[in-house]
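# Overview (structure and organization)
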Amino acid sequence: MKKRMFGKAVTVITAMAMSGVLLAGCGSTEADTQPTAPYFTKGVYANYSEELENPDMTYFYVFNSDTYGYTADGANNGIGVPFDVVSQADGRVTLSFGGADESSEETLVITAVDDLGAVHGYFEDVPERPMVFELLSGADVDTFSAENYVNGPEESVYHDANGWSVRYNADLFEITPKGPETFIVYTGESAGTNMITVTYTVESGAEEAIKKLGESWGDNVTYTQGPFPGADDVTGYWAMLPPAEGGSGLYETAMARDYMDGALIFDLTGHMSGDEELDMATSDSLAAVIDSLTWD
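For clarity, every value in this text was computed on a predicted model and none was experimentally measured. (Residues numbered from 1 in each chain as written. Predicted model: local features only at pLDDT ≥ 70, side-chain atom pairs only at ≥ 80, totals over all residues. Heavy atoms only, no water.)

### Focus on helix α4 (residues 276–291)
Rule in force here: Only DSSP runs of H or I reaching four residues or more are called helices, and only runs of E reaching two or more are called strands; each is numbered from the N terminus. What a helix is expected to span follows from its residue count: subtract one and scale by 1.5 Å. Only protein chains enter the accessibility calculation, which uses a 1.4 Å probe; a residue whose area is less than 20% of its type maximum is buried, one above 50% is exposed, and one in between is partly exposed. An arc is given here, and it is the one of the directions from the helix axis to the C-beta atoms. We define a polar contact as two N or O atoms separated by no more than 3.5 Å, with the added condition that, inside protein, one atom must be a possible hydrogen donor and the other a possible acceptor, whereas residues neighbouring each other in sequence contribute only through side-chain atom pairs.
For α4, which comprises 16 residues, the first-to-last C-alpha distance of 22 Å matches the rise-based estimate of 22 Å (1.5 Å per residue) to within 8%. Considered for burial, the residues of α4 that qualify are Leu278, Asp279, Thr282, Ser285, Leu286, Val289 and Ile290. For α4, the angular spread of the buried residues around the axis is 145 degrees, confining them to a single face. In α4, those exposed residues whose orientation departs by more than 90 degrees from the buried face are Glu276, Glu277 and Asp291. Near the N-terminus of α4, the side chain that reaches the backbone nitrogen of glutamate 277, with its oxygen 3.2 Å away, is that of aspartate 275.

As structure tokens, then:
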């Protein structure tokens, strides 16, 4: 399939007059009929048909700079292709889609750039298909997720480099990858620290790793085995430490599975407040993250 189809197949496009008209996009102002290069700068641009009054805003061109970027389909797990900006001059932008092994150049003819930075134009081989590239104000190129932009915060998805994914509510959790560890921190109202630390290690298999972790908690730890979340055919190893009477309410639950050449460990650290309703909301939110595990 030609690389440009990733960008063109996502919008339903109809014909329009091409000469000197004022072009209007979603949220745009009067267009500049004599745009000057560079037309695209660092930013996230939603791509849709020129004629749509209320576009779905699910397909994006993410310009990491004015020289390269990638496309992303937020309605299809963020799938897309990288591109290089070959040139931006004289009312034309040439993009090279794909990588070094296989690439396809396409030229976008620019008809206008409006006051909000939205770019209007068409690919030169299909002039009957005018499009808008709307600049998303405030979108952070370095952290932008097309999938999460479309899903909204309550249905956010985190894809880890080690091949696992979870769904989470971005209003209640912050996720921070840091080397071999990923920290999933609950930010809603709760007592003490409530978080999941995910660790990938090659030092041992899952059973040994969970025993070593459990031993660091003391003597009141129980160990079990069972199917691992999201992978019923994989054995999971659990270590559980209940809250101590009269203590801070701290409890620990960890689970591990053999993974690649080592072990993947999910360590849940929680605190009970004594407020049953509050503790249940916190516990349910953490459990929902674990239950949403999928394997990429």
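### A word on the sheet that holds strand β11 (residues 164–168)
Definition in use: In this scheme, strands are said to pair when DSSP sees at least two bridges between them.
Taken in spatial order, the 3 strands line up as β10-β11-β19 in an open sheet, and their pairing is antiparallel. At either end of the open sheet lies a strand with only one pairing partner, and these are β10 (156–159) and β19 (294–295). Where β11 and β19 come together, 2 bridges link them in antiparallel fashion. Note on β19: the bridge partner recorded for tryptophan 164 is tryptophan 295.

### Here we look at the packing of aromatic side chains
Basically, it comes down to this: Note on aromatic contacts: the rings of Phe and Tyr and the six-membered ring of Trp form a pair at centre separations within 6.5 Å, being stacked when their planes are under 30 degrees apart, edge-to-face when over 60 apart, and tilted otherwise.
What the rule picks out here adds up to 21 aromatic pairs. Centroid distance phenylalanine 60 to tyrosine 149: 5.3 Å. Interplanar angle 80 degrees. Geometry classified as edge-to-face. Of the two residues, phenylalanine 60 sits in strand β3 (residues 59–63) while tyrosine 149 sits in helix α2 (residues 146–151), which places them 89 residues apart along the sequence. Residue phenylalanine 60 is classed as buried on the basis of its relative accessible area of 0%. By relative accessible area, which is 40% here, tyrosine 149 ends up partly exposed. Centroid distance tyrosine 61 to phenylalanine 133: 5.1 Å. Interplanar angle 80 degrees. Geometry classified as edge-to-face. With tyrosine 61 in strand β3 and phenylalanine 133 in strand β9 (residues 131–135), this pair connects stretches of sequence that are 72 residues apart.

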